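The lines below spell out each chain.
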Amino acid sequence: MLDFKFVRGNPKIVQDALAKRGSQISLDSFLQLEEQRRDKLFVVEQMKSRRNIVSEEIGRLKKSGKEAKDMVLEMRELSNQIKERDEEIRSLEEQLQSILLDIPNIPHETVPVGSGESDNPTVRMWGRPRNFDFEPKSHWDIGEALDILDFERGGKVTGTRFSFYKGLGAHLERSVFNFMLDLHTTEHGYVEIFPPFMVNRDSMVGTGQLPKFAEDMFKIEGMEYYLIPTAEVPVTNLYRNEILDGENLPIYHCAYSACFRAEAGAAGRDTRGLIRQHQFNKVELVNFCRPDQSYAELEKLTGNAERVLQLLGLPYRVVILCTGDLSFSSAKTYDIEVWLPSSQGYREISSCSNFEDFQARRAGIRFRNQKGKVELVHTLNGSGLAVGRTVAAILENYQEADGTITIPEVLQPYMGTDRISLNQK
RNA sequence: GGAGAGAUGGCCGAGUUGGUCGAAGGCGCUCGACUCGAAAUCGAGUAAACCGUGAUGAGCGGUUUCUAGGGUUCGAAUCCCUAUCUCUCCGCCA
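Thresholds, definitions, all that
Residues numbered from 1 in each chain as written. Chains lettered and ligands numbered in written order. Predicted model: local features only at pLDDT ≥ 70, side-chain atom pairs only at ≥ 80, totals over all residues. Heavy atoms only, no water. Helix = DSSP H or I, 4+ residues; strand = E, 2+ residues; numbered from the N terminus. Contact = heavy atoms within 4.5 Å. Areas by Shrake-Rupley, 256 points an atom, 1.4 Å probe, with all protein chains shown as cover. Lys, Arg positive; Asp, Glu negative; His and termini not counted. Charge placed at Lys NZ, Arg CZ, Asp CG, Glu CD. Core = buried A, V, L, I, M, F, W, Y, C linked by side-chain atoms within 4.5 Å. Buried < 20%, exposed > 50% of the residue type's maximum accessible area, 1.4 Å probe, protein only. Patch = residues over 30% accessible without salt bridge, like charges linked within 9 Å, V, L, I, M, F, W, Y side chains within 5 Å. Salt bridge = Lys/Arg side-chain N within 4 Å of Asp/Glu carboxyl O. Pairing = 2+ DSSP bridges. Axes fitted to C-alpha atoms, helices over the stretch in contact; angles between N-to-C directions. Expected span 1.5 Å × (residues − 1). Polar contact = N/O pair within 3.5 Å; in protein donor to acceptor, adjacent residues only side chain to side chain. Phe/Tyr/Trp six-rings, centres within 6.5 Å; stacked < 30°, edge-to-face > 60°.

A. Molecular detail of the overall build of chain A. For chain A, the helix and strand inventory stands at 13 helices and 17 strands. Of the contacts formed within chain A by residues at least 6 apart in sequence, a portion of 74% connects residues at least 24 apart. Total accessible area computed for chain A in this model is approximately 20800 Å², and 48% of it derives from carbon and sulfur atoms. On chain A, the mean spot of the 53 positive side-chain charges and the mean spot of the 62 negative ones are 5 Å from each other.

B. Structural detail: the nonpolar core. Ranked by size, the top nonpolar core spans 57 residues in total, and within it L172 and I420 carry the most contacts. Filtering out sequence-adjacent residues up to four positions away, L172 remains in contact with V391, L395, I407, L411, M415 and I420. Membership of the second largest hydrophobic core comes to 25 residues, among which are F30, L92, I103 and I106.

C. Representation of unusual backbone geometry. Residue L210 is joined to P211 through a cis peptide bond whose omega torsion reads 5°. Relative to the elements of secondary structure, P211 occurs in the loop between α8 (201-207) and β6 (225-227). Along the chain, G384 connects to L385 via a cis peptide bond; the corresponding omega equals 10°. Within the element layout of this structure, L385 appears in strand β15 (residues 378-386). For E263, which is not a glycine, the phi torsion comes out positive at approximately 55°.

D. Examining a nonpolar patch on the surface more closely. Taken together, the side chains of M198, M223 and Y225 present a nonpolar region at the surface, about 280 Å² in accessible area. With respect to the helices and strands, M198 occurs in strand β5 (residues 198-200). Residue classification places M198 among the partly exposed residues on the basis of a relative accessible area of 41%.

E. Quick peek at the sheet that holds strand β13 (residues 365-368). Reading across the sheet, the 3 strands line up as β7-β13-β14 and stay open at both edges, with mixed pairing between neighbours. Looking at which strands have only one partner, the edges of the open sheet turn out to be β7 (242-245) and β14 (374-376). Neighbour-to-neighbour, the strand axes of the sheet open up by a mean angle of 40°, direction not taken into account.

F. The pairing of strand β9 (residues 279-289), seen in detail. Counting buried positions over the 11 residues of β9 gives 10, a clear majority of the element. Summarising the sheet, strand β8 (residues 251-260) and β9 pair through 10 bridges and their orientation is antiparallel. The partner of A258 across the bridge, within β9, is N281. Here 7 bridges tie β9 to β15, and the two strands are oriented antiparallel to one another. From the neighbouring strand, K282 faces β15, where its bridge partner is A386.

G. Spotlight on helix α10 (residues 294-312). The end-to-end C-alpha distance of α10, which contains 19 residues, comes to 28 Å, matching closely the 27 Å that a straight helix rising 1.5 Å per residue would cover. Along α10, the residues classified as buried are S294, E297, L298, L301, T302, N304, A305, E306, V308, L309 and L312. Directly beyond the C-terminal end of α10, a positive phi value near 70° is found at G313.

H. Region of the structure containing the sheet that holds strand β11 (residues 332-340). Sheet architecture is open: 8 strands sit in the order β1-β10-β11-β12-β15-β9-β8-β4, paired in mixed fashion. The sheet is open, and its two edges are formed by β1 (122-126) and β4 (191-193), each paired on a single side. Across the sheet, the mean angle from the axis of one strand to that of its neighbour is 25°, orientation sign disregarded. Contacts from helix α7 (residues 168-186) reach β4, β8, β9 and β15, with the element oriented near 10° to β9.

I. Quick peek at the side chain of H188. Mapping H188 onto the fold places it in the loop between α7 and β4. Sequence-distant contacts of H188, defined by excluding residues within four places in its chain, comprise L183, N304 and R307.

J. Spatial organisation of the environment of S383. Structurally, S383 can be placed in strand β15. Each C-alpha atom of the pair S383 and K282 lies 6.9 Å from the other, and the pair is 101 residues apart in sequence. At 3.2 Å, the side chain of S383 forms a polar contact with the backbone nitrogen of S351.

K. A look at helix α4 (residues 69-101). With 33 residues, α4 extends 47 Å from end C-alpha to end C-alpha; this agrees with the ideal 48 Å at 1.5 Å per step. For α4, the complete set of buried residues consists of M75, L78, I82, I89, L92, L96, L100 and L101. In this structure, the buried residues of α4 make contact with α1 (4-9), α3 (28-63), α8 and α11 (358-363).

L. The environment of R174, seen in detail. Within the element layout of this structure, R174 appears in helix α7. It is 49 Å that separates the C-alpha atoms of R174 and F30, two residues lying 144 residues apart in sequence.

M. Molecular detail of the packing of aromatic side chains. Following the criterion strictly, the structure yields 13 aromatic pairs and no others. Centre to centre, the rings of F132 and F134 are 5.3 Å apart; their planes meet at 80°, and the pair counts as edge-to-face. Chaining the aromatic ring pairs together yields one cluster made of F177, F194, F197 and Y256.

This is a description of form; function is not addressed.
Laid out in structure tokens, this is it:
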């Protein structure tokens, strides 16, 4: 959410910035409603001030045994008027709030202007795709051939976009996220969180999933609980409506969670394999910091996510999302894309964003600065990494001509083996 | 799921015959005194949001907030209703 006063004072800047994203938003009605609100608020506050004064006077009179009938009658009338006006103001505020909640964040000045994915510049590349002396198979073919992934039964037991991992496949999945958590907690200084996988509505609004993107979420029937689409939601909301001590910033949290996404707009895309499931595992990195730190922290956080791929020996590239591809809440985002041999292309495996104060304002996450003043924190997060996609990348990049999978060295202690082959326990 | 108790400021904790209560007291924190310095002691200060004024600063004036939302009343932390959460006992369960 953008700042009320900033939007009010700088409608032109806001509109121009949003146009770069491809959002045509008119602020006229917002500005009108806001002016009405302030006028009414001013009047009603004066009325309340009078009511307070007179009510006090009535109390004093009654105490000294005198009557105050006229005053009581006058105040009864005044109170009714106040009630009406409060109601009007409340309605105006609701309208303003709902407009503001639907306005995306303003892109940072370093974000390149562009209209979509094809305009995202590559920032850097790491590793070199391997040359196969055989035709590399897709991870779903590998997984089924080795009997470690079962998509068909996933469909039977639950439905499309659900799957089973089996044997060393299941073991590989948990090895991967344990490795990630260990790396981030021991080498990168993150404090691990194990969050609830369901959150209430306020939390979803706090990080920006609601109200705008309700159709992407799974909601529990009959309750205001939602399955989390990412650990970002519970972990960022950990400090919702709190004032943190500025001395403790930045706060670094990492969290494993299952993630649930309805994938409403993705019909027909990535229907095979682990790339786009309704339920997947992810290790998330979350950072709360002072405004002056956040862009340096974004670089650091992105580097922490990259480190996972480097240690796994998986080639990747980092792109910066242009204004047209930037997500709703983000001011600046780097995507990390891993090399997938079966599609001869790079595929998103992490998205690292600085939200500046956009989420903090929605969620009321603040800190006390050195002068003792309260300020909004900046929030950042990034995948560190998406586990299913990492497994897919390992299967594809480390497949051998004989159909087995070599386990990357850093995972061997977790796996207890250096290879996955058919019928291996 | 059944029965009961409770939710007050950064924390603990008064306040429940409605009135001057943003709220006693303690702790914590900040500043000052004492001290070579520290501890102890003493003194002062110590919530947030919004509106107006002002430079979107300081200050000043106002409004709101005692879990949240409604209600009663001239006036509610105090009375009523609802929700949420916490605790105790019983039941159930991993």
